[in-house]
Amino acid sequence: MSRSFCSPDSGNEHFLSIKAPEGMDFKEQINFVQKRYREMQKQLHIDPATAIFRRIFLSDILNQAAFVRESELVDGSTAISIVQQPPLSGSKIELLAYHIKSPTLLTKRRLSPNHLLVEKNGTRHLWSTRLCTCNSQTLISAEEQTHEVFHELIDILAEQGATLRDHCVRTWIYVKDVDLFYNAMVDSRSKLFLEQDLTGSTHYIASTGIEGACSHTCDLVAMDAYSNLDLVPGQVSYLNDFEHLCATKNYNVTFERGTRIAYADRAHCYISGTASIDKAGKVVHPGNVMRQLERALDNIDCLLQSCSATLADMMYLIVYLRDPSDFTRVDAYLRNRFPFLPMIIVQGAVCRPAWLVEAEGIAITKNREPALSLF
């Protein structure tokens with residue numbers, strides 16, 4: 001599946017999702033995904049060099065990551081995320097890819113193995129992927145790992161004259177055994193944010209904190225992040241609807257429910273991982289995955305409406321399920337409601353056991369603010 005946002009002024013953004021069919025071994029599935037990816041790029045008339053970001057979802061990362069790294073899905077000019085979150089379609093691998101086809105010069109420069117700097121229309125975009133302690137021998141606490149992972153991002157931002165507070169837009173945090181280690185990650189992040197002047201009276205960062213794993217056996221926490229290094233006052237706003245959802249600080253977590261970045265011609269609305277929660281911070285519809293899914297989507301729609309967008313503006317959805325046996329019903333519902341939307345449904349436990357499903361994504365809308373830079 002693919003979805004595109006097109007603008008003659010500053011180019012087109014393309015989002016593609018690909019899954020392999022069941023009944024193949026892993027190498028055959030990689031080959032299928034690579035072939036289908038090439039075909040989709042050809043159909044959309046986009047050059048492979050326009051790739052900015054790929055996230056590769058795997059069912060068994062310890063056995064599969066080496067094959068992925070040797071494939072054409074991984075290259076030095078694209079930000080590559082590889083995470084163990086088993087696809088629930090029956091595939092061993094699924095791909096989410098993001099391309100930018102620009103009428104103006106777009107440059108990509110790798111700052112380090114984990115950080116890709118993309119420059120377009122005078123704006124620098126930093127894609128940071130596979131941030132972890134890279135430890136397969138010594139287990140250190142989730143608190144320490146969270147601190148290390150964030151400080152790698154803080155340090156690379158500082159080298160570019162940027163800060164976590166003013167320039168990081170979005171994080172994806174993967175926690176191994178989330179029921180056990182999530183609170184430790186949250187506590188460590190809260191302390192670090194306080195040091196970085198990210199507080200309830202300033203702002204936080206749009207984020208998903210979900211069960212997932214990298215390819216190192218002793219890593220409990222891993223992260224991907226997106227930062228815009230040239231944000232200006234008035235370009236950023238934060239999405240809330242307090243009639244439907246409470247502020248995250250009300251239950252002692254530190255992230256924004258959504259962040260909008262405005263440009264002269266468009267706006268990006270980054271929707272954090274969103275579950276079935278009400279304005280009091282309580283789980284809605286415990287034990288009923290379909291009602292929880294509906295409420296989560298309603299919550300996303302309310303967040304989008306707060307910035308004059310709707311679910312119809314979503315470019316993709318990633319849906320996380322605690323219980324794989326819920327996949328068939330959830331998939332049928334989503335395919336019927338969003339038949340043309342790139343979608344990935346994976347196994348990923350949410351931060352509270354009572355939450356059976358969580359969803360996230362990005363919406364893009366037209367915008368007219370000539371004082372801002374073009375995307």
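First things first, this report covers the structure right here in the doc. (Residues numbered from 1 in each chain as written. Predicted model: local features only at pLDDT ≥ 70, side-chain atom pairs only at ≥ 80, totals over all residues. Heavy atoms only, no water.)

**Here we look at the environment of valine 350**
1) Next: Looking at the element boundaries, valine 350 is found in the loop between strand E16 (343–347) and strand E17 (357–366).
2) Next: Each C-alpha atom of the pair valine 350 and glycine 273 lies 9.0 Å from the other, and the pair is 77 residues apart in sequence.
3) Next: Not counting chain neighbours up to four residues away, the residues in contact with valine 350 comprise Val178, Asp179, Ile210, Arg322, Trp355, Val357 and Glu358. (Helix = DSSP H or I, 4+ residues; strand = E, 2+ residues; numbered from the N terminus. Contact = heavy atoms within 4.5 Å.)

**Concerning the nonpolar core**
1) Next: If you look at the biggest cluster of nonpolar residues, it comprises 103 residues, and the most contacted ones within it are Leu153, Leu164, Leu304, Leu317, Val330, Leu334 and Ile345.
2) Next: Element by element, the count of residues in this core is highest for strand E15 (residues 314–321), at eight residues.
3) Next: The residues touching leucine 334, leaving out its near neighbours within four places in the chain, are Leu293, Leu297, Val319, Pro339, Met343 and Ile345.
4) Next: Among the nonpolar cores identified, the runner-up in size contains 21 residues, and Ile46, Leu73, Ile80 and Leu95 belong to it. (Core = buried A, V, L, I, M, F, W, Y, C linked by side-chain atoms within 4.5 Å. Buried < 20%, exposed > 50% of the residue type's maximum accessible area, 1.4 Å probe, protein only.)

**Comments concerning the packing of aromatic side chains**
Ring pairs (aromatic) are described by centroid distance and by the angle formed between their planes.
1) Next: One pass over the full model with this rule turns up 11 aromatic pairs.
2) Next: When the ring of phenylalanine 15 is compared with that of tyrosine 316, the centres are 5.7 Å apart and the planes differ by 40°; the resulting orientation is tilted. Taken together, the residues span a long stretch of sequence, with phenylalanine 15 in strand E2 (residues 12–19) and tyrosine 316 in strand E15 at a distance of 301 residues. No difference in accessibility class separates phenylalanine 15 from tyrosine 316, as the two residues are buried. (Phe/Tyr/Trp six-rings, centres within 6.5 Å; stacked < 30°, edge-to-face > 60°.)

**Remarks on the sheet that holds strand E9 (residues 168–175)**
1) Next: The strand order across the open sheet built from six strands is E6-E7-E8-E11-E9-E10, with neighbouring strands paired in mixed fashion. The open sheet terminates on both sides in strands that have one partner only, identified here as strand E6 (106–112) and strand E10 (206–211). Direction aside, the axes of adjacent strands within the sheet are offset by 15° on average.
2) Next: Sheet analysis places E9 next to E10, joined by six bridges and oriented parallel. (Pairing = 2+ DSSP bridges. Axes fitted to C-alpha atoms, helices over the stretch in contact; angles between N-to-C directions.)

**Regarding the pairing of E9**
1) Next: Of all the eight residues making up E9, eight are buried; the element is thus mostly covered by neighbouring parts of the structure.
2) Next: Both E9 and strand E11 (residues 221–228) contribute to a ladder of seven bridges, which runs antiparallel. Within E11, the residue paired with valine 175 across the bridge is valine 221.
3) Next: In this view, the connection linking E9 to its parallel neighbour E10 by way of helix H5 (residues 178–195) has right-handed handedness. (Right-handed = clockwise from strand over helix to strand, strands pointing away.)

**Focus: empty space enclosed by the protein**
1) Next: Under the definition given, this model contains four cavities of 30 Å³ or more.
2) Next: Of the pockets and cavities examined, the largest cavity occupies roughly 230 Å³.
3) Next: In terms of lining, the largest cavity is formed by 21 residues, of which the most central are Phe15, Tyr98, Trp127, Tyr270 and Ile362.
4) Next: For the lining of the largest cavity, the secondary-structure elements that each account for two or more residues are E2, strand E3 (51–58), strand E5 (93–101), strand E8 (123–131), E9, strand E14 (266–274) and E17.
5) Next: A total of four residues in the lining of the largest cavity trace back to one element, the largest contributor, which is E5. (1 Å grid on protein atoms, 1.4 Å probe; cavity = no way out; pocket = protein on both sides within 12 Å on 5 of 7 lines; lining within 4 Å. Points joined across faces, edges and corners; volume = space filled by probe spheres on them.)

**As for a negative patch on the surface**
1) Next: Where like charges cluster on the molecular surface, the negative patch consists of Glu143, Glu144, Glu148 and Asp187.
2) Next: If you tally residues by element for the negative patch, the top one is helix H3 (residues 142–159), at three residues.
3) Next: Glutamate 144 sits in the partly exposed class, given a relative accessible area of 44%. (Patch = residues over 30% accessible without salt bridge, like charges linked within 9 Å, V, L, I, M, F, W, Y side chains within 5 Å. Areas by Shrake-Rupley, 256 points an atom, 1.4 Å probe, with all protein chains shown as cover. Salt bridge = Lys/Arg side-chain N within 4 Å of Asp/Glu carboxyl O. Lys, Arg positive; Asp, Glu negative; His and termini not counted. Charge placed at Lys NZ, Arg CZ, Asp CG, Glu CD.)

**Here's the deal with the packing of helix H1 (residues 26–43) against helix H2 (residues 61–69)**
1) Next: For the pair H1 and H2, interaxial distance at closest approach is 11 Å and the crossing angle is 40°. Looking at the two axes, H1 sits oblique to H2. Considering the relative orientation of H1 and H2, their crossing is right-handed. Between H1, through Phe26, Lys27 and Ile30, and H2, the contact on the second element is made entirely by Gln64, Phe67 and Val68.
2) Next: Among the residues making up the contact of H1 with H2, the classes are represented as four nonpolar, one polar and one charged. (Parallel < 35°, antiparallel > 145°, perpendicular 65-115°, else oblique. Left-handed = near helix turned anticlockwise from the far one by under 90°. Nonpolar A, V, L, I, M, F, W, Y, C, P; charged D, E, K, R; others polar.)

**Some details on H1**
1) Next: In a regular helix each residue adds 1.5 Å, so 18 residues correspond to 26 Å; H1 covers 26 Å between its end C-alpha atoms and thus fits that length.
2) Next: Check the buried side of H1 and you find it contacts strand E1 (2–5), E2, E3, H2 and E5.
3) Next: A distance of 3.3 Å separates the backbone nitrogen of lysine 27 from a side-chain oxygen at the start of H1, and that oxygen is part of aspartate 25.
4) Next: Where H1 terminates, the next one or two residues include histidine 45, which has phi positive at roughly 60°. (Expected span 1.5 Å × (residues − 1). Polar contact = N/O pair within 3.5 Å; in protein donor to acceptor, adjacent residues only side chain to side chain.)

**Re the sheet that holds E1**
1) Next: Pairing is mixed across the open sheet formed by five strands, whose spatial order is E1-E2-E5-E3-E4. If you trace the sheet from one side to the other, it starts and ends with E1 and strand E4 (79–84), each paired once. Strand-to-strand, the axes of this sheet are offset by a mean angle of 10°, without reference to chain direction.
2) Next: Strand direction decides the pairing type here: E3 and E5, joined by seven bridges, are antiparallel. Each residue of the ladder has a partner; that of phenylalanine 57, found in E5, is glutamate 94.

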